[in-house]
Amino acid sequence: MQLRVLGCSGGIGGANRTTAFLLDEHVLVDAGTGVGSLSLQALRAIDHVFLTHAHFDHIACLPMLLDTVAGLRNGVPITLHARRETIAVLKEHVFNWRIWPDFSLIPDESSALLQFAVQEVGETREVAGCRITALPAEHTVPAVGFRLDSGKSSVIFSGDSTGGDAFWAAVNATDNLTTLIIETAFPDREAALAHAARHLCPATLQRELARLRRPADIRITHLKPADSALILGEIAALGLPARALLPGDVIEF
Ligand SMILES: [Zn+2]
Ligand SMILES: [Zn+2]
């Protein structure tokens, strides 16, 4: 399988696009501004969207994706997999007819383009040949990470999270792990802000990576654009075996 990085930045500007990954052709993981780089044909092929959480940088393109492909799918729905709380927030604050139409009711609930599928922490979905498990995350709002298991190997994406015991237990139990995608949103001078926002900075990344018990290619996401070079420099200075994930990267697994 292929996991294509559409966006992996903590912000926008220039080549920076916020979090979105395309798994082969039909599955989107998060729906940040990276989705906007897909062709109309590629957008139309998306059948499933898995969301880590409801923060705007991870959902920004979801409303426009639905509107763009609404007339192109011959009635085939798009299924949105997320925690119950994440779906509730989207219904109340986005698909509420004021910010955007409620695509889960158009033309009616049973035949709507947008179908919700609650996926709680620990649940696995088999979709398009991939086993996708929601992993525990620690963030300011209900969130998950994902394990993507092709059967051959697994990629784990932490989502927005400070890590935590349950997350590392799941990582270390992944026998076929090859790639760990983990965020580092802030530089160390903003450690207090990182803690308040439940994001990592290089010092806390070091603490968390010390809990990894398996070999893995470690890729960093969610760098704030204004501080990305600084954050990567701090990670390198700590001697951590991690490198930046880049838009356009394709992870084969
Ligand atoms: Zn977030
Ligand atoms: Zn985020």
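Rules behind the numbers
Residues numbered from 1 in each chain as written. Chains lettered and ligands numbered in written order. Predicted model: local features only at pLDDT ≥ 70, side-chain atom pairs only at ≥ 80, totals over all residues. Heavy atoms only, no water. Donors = N, O, S within 2.8 Å, 3.2 Å for Na, K, Ca; no water. Tetrahedral: all angles 85-135°; square planar, octahedral: opposite > 155°, others 65-115°. Helix = DSSP H or I, 4+ residues; strand = E, 2+ residues; numbered from the N terminus. Buried < 20%, exposed > 50% of the residue type's maximum accessible area, 1.4 Å probe, protein only. Core = buried A, V, L, I, M, F, W, Y, C linked by side-chain atoms within 4.5 Å. Disulfide = S-S within 2.5 Å. Pairing = 2+ DSSP bridges. Axes fitted to C-alpha atoms, helices over the stretch in contact; angles between N-to-C directions. Contact = heavy atoms within 4.5 Å.

Trainee: Help me out: how do you make sense of the coordination of the zinc ion (ligand 2) in this one?
Mentor: Geometry reference: four tetrahedral donors at a metal, ideal angle 109.5 degrees. Six octahedral donors, ideal angles 90 or 180 degrees. With distances of 2.1 Å, the protein atoms coordinating the zinc ion (ligand 2) are Asp57 (OD), His58 (NE2), Asp160 (OD) and His222 (NE2). Angles of 90 to 167° at the metal separate the 4 donor atoms of the zinc ion (ligand 2), which places the site in the irregular class. Coordination of the zinc ion (ligand 2) draws on donor residues from a single chain, spaced D-H-x101-D-x61-H in sequence. In this structure, the zinc ion (ligand 2) lies 3.6 Å away from the zinc ion (ligand 1), the two metals sharing aspartate 160 as a donor. Here aspartate 57 is found in helix H2 (residues 56-59), whereas its partner histidine 222 is found in the loop between strand S12 (217-221) and helix H8 (228-237), with 165 residues between them in sequence.

Trainee: Help me understand the coordination of the zinc ion (ligand 1), please; the structure alone is not making it clear to me.
Mentor: Donor atoms from the polypeptide that coordinate the zinc ion (ligand 1) comprise His53 (NE2), His55 (ND1), His139 (NE2) and Asp160 (OD), at 2.1 to 2.4 Å from the metal. Along the chain, the residues that donate to the zinc ion (ligand 1) are spaced as H-x1-H-x83-H-x20-D. For histidine 53, a relative accessible area of 0% translates into the label buried. Judged by relative accessible area, which is 11%, histidine 139 ranks as buried.

Trainee: Just to check I follow, could you spell out the nonpolar core for this structure?
Mentor: Soluble, globular proteins show a tendency: their nonpolar side chains are buried together. Among the nonpolar cores identified, the biggest contains 28 residues, and Leu28, Leu51 and Leu62 are the most heavily contacted of them. Those elements that place two or more of their residues in this core are strand S2 (20-23), strand S3 (27-31), helix H1 (40-44), helix H3 (62-69), strand S5 (78-82) and helix H4 (84-93). Element by element, the count of residues in this core is highest for H3, at 4 residues. Counting 21 residues, the second largest nonpolar core, distinct from the first, contains Val5, Phe21, Leu23 and Val29.

Trainee: Looking at this model, I keep getting lost on the state of the cysteines. Mind explaining?
Mentor: By definition, a disulfide is the covalent link that joins the sulfur atoms of two cysteine residues. According to the stated counting rule, one finds 0 disulfides in the structure shown. For cysteine 61, which is in no disulfide, the shortest distance to another cysteine sulfur is to cysteine 8 and amounts to 15 Å.

Trainee: What exactly am I supposed to notice about the sheet that holds strand S13 (residues 242-244) here?
Mentor: The strands making up a sheet associate through backbone hydrogen bonding, with each pair oriented either parallel or antiparallel. Strand order in this open sheet of 7 strands is S7-S8-S9-S10-S11-S12-S13, and the pairing throughout is mixed. Because the sheet does not close on itself, it has two edges, and the strands there are strand S7 (124-127) and S13. Recorded for the sheet is a direction-independent mean angle of 25° between the axes of neighbouring strands. Inspection of the sheet shows strand S9 (residues 144-149) paired to strand S10 (residues 154-157) by 4 bridges, in the antiparallel sense. The residue bridging phenylalanine 146 from the neighbouring strand is phenylalanine 157, located in S10. Strand contacts of helix H7 (residues 202-209): strand S11 (177-183) and S12, with the helix running at about 150° to S11, the strand carrying the most contacts.

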